[in-house]
Amino acid sequence: MTLRAAGLRRLLAALLTGWALIAFASPAQANTDVDRAAAELLAGASVTSSPKAEFALSATEVRQLTDKIAASKTPIFVAVLPARAGSADDVLVELRAAVGLSGTYAVLVGDEFRAASDAGGAADAATQAFRAHQSEGIAAVLSGFIDLVAAPTPAVQAVESPTPTDDEGNLLSRLLFWLLGLGVIGGIVALVIAGRRRRGSDLASVRAALDEELTELGNQIAALDTSSSETAREAADRALNAYERARSAVDQMNSTAAAAQVTTALDEGRYALACASSSRAPARKPPCFIDPRHGGSAGTASWSPPGLAARTIPACATCLPDVKSGAAPRPREVRAKGGPQAYWQAGPAFHGYAQGYFPSTFDALFVGTTLIAVPPVASTATATRPSSARSTTASKPTGDFASGKVGGGNFSGGEPSRSPGKARRTGRGKSVE
Ligand SMILES: [Zn+2]
């Protein structure tokens, strides 16, 4: 029977039986029961049973059916209402509209069991479950119905196969899944390639700076006059050894961090060079902060690198007066992304380079510089909510609801397992007080 026919029949019955019956089946009364049930379902319940219902479910039955629905991972809404709520056909549609969520709806209103689904197929499942279990009572009918809806048997599928929209939906979601997967893989590959390119160009920049310093040191060693003394010759040998170590470290360098070994060796080479060119071995001091190529420092002074906070830096004899007077001595510039840049502002790629020159004072010297990579602000990953069987947004009725196809049966024709309370059953199963 179509919904329109049901409505007409109700109207006719109301006209014929007079005001009392109209009042009894008035929308206001019906809405109270339906609205209450809808509110409970919207609040998260899967099964709601009015204590006023003629065939009310026991608390245990409600719990068992709720567990069954949860296990089925299918959005199923069950409401057991008193007959006064109206005709089961109307209540089913009203409940679907009041809840607003797509899914499968089953109602027992008085002794009328009805069900329909937005996905389609539930009407037939309801009829099938009713026929199989009506003698066992409503809980058994609902349980059988949930089984059929959750895992449609071939019999049910034969009656009504899943609608094309379902297949399209599945295909679309699968396609989307694969596209997303490909997108993620593509993104990772792009990141890896970009990372490799960046690392490659970073390494090239650092290597260029080191090569420059190596060549310079090599030239200085070659220009040494070691005929003056044995001490000078020994110092020149040490300088040459350090140079060889630095050169071999550059050759083997496969990360910017490995630059530390090179600059440490370069610093040792420069110190040895200073020893070879002076009659008295100078004290070993940290290199000049402004430009480590200047060699050992003559003293320390407080200095603020452009844009940075003041710090105590070591400086060579040439740079120290400028540093003390607040002038801006020309720093060691290296090739960085945005062009030549003071090495301490050339980015994390030069961390190793500076670390090798200032191993014990690195943190204090380079605080605030771009050598120290600031970890990116942790982006709060959007936690994917556990997939819920229920959609959370209101949707228009589709499937059985759209086609007006409702299944089920009336217990008045069968043998309900419990006595129908105060309600008196009529031939059609309508309960009248
Ligand atoms: Zn200097």
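Residues numbered from 1 in each chain as written. Predicted model: local features only at pLDDT ≥ 70, side-chain atom pairs only at ≥ 80, totals over all residues. Heavy atoms only, no water.

**Q** I keep staring at the coordination of the zinc ion and nothing clicks. Help me out?
**A** Ideal geometry at a metal centre: 109.5 degrees between donors when four sit tetrahedrally, and 90 or 180 degrees when six sit octahedrally. Protein coordination at the zinc ion comes from Cys288 (SG), His294 (ND1), Cys316 (SG) and Cys319 (SG), with a distance range of 2.0 to 2.3 Å. For the zinc ion, the four donor atoms are set out with angles of 97 to 125° between them, so the coordination reads as tetrahedral. Binding-site remark: the zinc ion is held by donors from one chain whose sequence spacing is C-x5-H-x21-C-x2-C. (Donors = N, O, S within 2.8 Å, 3.2 Å for Na, K, Ca; no water. Tetrahedral: all angles 85-135°; square planar, octahedral: opposite > 155°, others 65-115°.)

**Q** Would you explain the side chain of Thr104 in this entry?
**A** Along the chain, Thr104 turns up in strand E3 (residues 104-109). Overall, Thr104 belongs to the buried group, its relative accessible area being 4%. With residues up to four places along the chain from it excluded, the contact list for Thr104 reads Pro75, Ile76, Phe77, Ala116, Ser117, Ala122, Phe145 and Val149. (Helix = DSSP H or I, 4+ residues; strand = E, 2+ residues; numbered from the N terminus. Buried < 20%, exposed > 50% of the residue type's maximum accessible area, 1.4 Å probe, protein only. Contact = heavy atoms within 4.5 Å.)

**Q** Can you help me understand the nonpolar core in this one?
**A** Among the nonpolar cores identified, the biggest contains 53 residues, and Leu210, Phe289, Tyr343, Trp344, Phe350 and Phe366 are the most heavily contacted of them. Ranked by the residues each element gives to this core, the list is headed by helix H11 (residues 259-277), at eight residues. Not counting residues up to four positions away in its chain, the partners in contact with Leu210 are Val250, Met253, Ala259, Val262, Thr263, Leu266 and Tyr353. Ranked by size, the runner-up nonpolar core spans 29 residues in total, among them Ala53, Ala129, Ala139 and Leu148. (Core = buried A, V, L, I, M, F, W, Y, C linked by side-chain atoms within 4.5 Å.)

**Q** Help me understand the pairing of strand E8 (residues 339-342) in this model?
**A** Side chains on a regular strand alternate between the two faces of the sheet. Sheet topology note: the strand E7 (residues 333-336)/E8 ladder contains four bridges and is antiparallel. Residue Arg335 lies in a different strand from E8, and its bridge partner there is Pro340. Taking the residues between adjacent antiparallel strands as the criterion, E7 and E8 are bridged by two residues. (Pairing = 2+ DSSP bridges.)

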